[in-house]
Amino acid sequence: MAEEVLCRLSDLDATGAKEIVLARDGGRYAFFVIRYEGRILGFENSCPHARLPLNWTDDRFFDISGTYLFCANHGAVFDPLTGLCTRGPCKGQSLKSFPLRVDGEVVIADIA
Ligand code: FES
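Everything quoted here is computed from the prediction, not taken from an experiment. (Residues numbered from 1 in each chain as written. Predicted model: local features only at pLDDT ≥ 70, side-chain atom pairs only at ≥ 80, totals over all residues. Heavy atoms only, no water.)

Asker: Help me understand the sheet that holds strand β6 (residues 77–78), please; the structure alone is not making it clear to me.
Answerer: The 3 strands lie next to each other as β5-β6-β7, forming an open sheet whose pairing is antiparallel. Each of the sheet's edge strands pairs with one partner strand only, and the pair in question is β5 (69–70) and β7 (85–87). With 2 bridges joining them, β6 and β7 adopt antiparallel strand pairing. Across the sheet, residue Val77 finds its bridge partner in β7, namely Arg87. (Pairing = 2+ DSSP bridges. Helix = DSSP H or I, 4+ residues; strand = E, 2+ residues; numbered from the N terminus.)

Asker: What's the story with the pairing of strand β10 (residues 106–110) in this structure? I'm lost.
Answerer: Two faces make up the sheet, and in a regular strand the side chains alternate between them. Of all 5 residues in β10, 4 are buried, a share of seventy percent or more. Across 5 bridges, the pairing between strand β1 (residues 3–8) and β10 is antiparallel. Residue pairing across strands places Cys7 opposite Val107, the latter belonging to β10. As judged from the 3 bridges shared by strand β9 (residues 101–103) and β10, these two strands associate in the antiparallel manner. Paired with Val102 across the two strands is Val107, which belongs to β10. (Buried < 20%, exposed > 50% of the residue type's maximum accessible area, 1.4 Å probe, protein only.)

Asker: Is there a simple way to explain the packing of aromatic side chains in this structure?
Answerer: This structure, assessed with the given rule, holds 4 aromatic pairs. Between the aromatic rings of Phe31 and Phe98, the centroid separation amounts to 5.1 Å while the plane-to-plane angle is 70°, which identifies the pairing as edge-to-face. You can see Phe31 sitting in strand β3 (residues 27–36) and its partner Phe98 sitting in strand β8 (residues 97–98), a full 67 residues away along the chain. In this structure, Phe31 and Phe98 share a single accessibility class: buried. Plain terms: the ring middles of Tyr36 and Phe62 are 6.0 Å apart, the flat faces sit at 20° to each other, and that makes the pair stacked. Of the two residues, Tyr36 sits in strand β3 while Phe62 sits in the loop between β4 (39–44) and β5, which places them 26 residues apart along the sequence. Each member of the pair, Tyr36 as well as Phe62, is classed as buried. (Phe/Tyr/Trp six-rings, centres within 6.5 Å; stacked < 30°, edge-to-face > 60°.)

Asker: Help me out: how do you make sense of the pairing of β3 in this one?
Answerer: Looking at chain direction, strand β2 (residues 17–24) and β3 are connected through 8 bridges and run antiparallel. Of the residues in β3, the one forming a bridge with Val21 is Ala30. In textbook terms, the turn of a hairpin is the stretch between consecutive antiparallel strands, and for β2 and β3 this stretch comprises 2 residues, one of which, Asp25, has a positive phi near 50°.

Here is the structure:
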């Protein structure tokens, strides 16, 4: 997979997150991008507990407080800066992150 524009910064305004699904070469790649404490971060949308997508609805990845990432399936809670699960059935495991860069108004990743 080559360098991809994942979203615009303004896509993060409503919920602080943007779900991204890329279809390439017969595969489906699910990610999400967040803005948290002024940083832009990206994770694969796959919970370490049961490898399900974290969200049940579009672009909803944060808990009600906006402080933690939350898996809607069985309630795992993750640190948004590290992806580490701090509470729930996969405590101690982490979401898989990937490097991003921001170029003007767009978020770009080289996802291999
Ligand atoms: S699939 Fe995420 S907590 Fe179970």
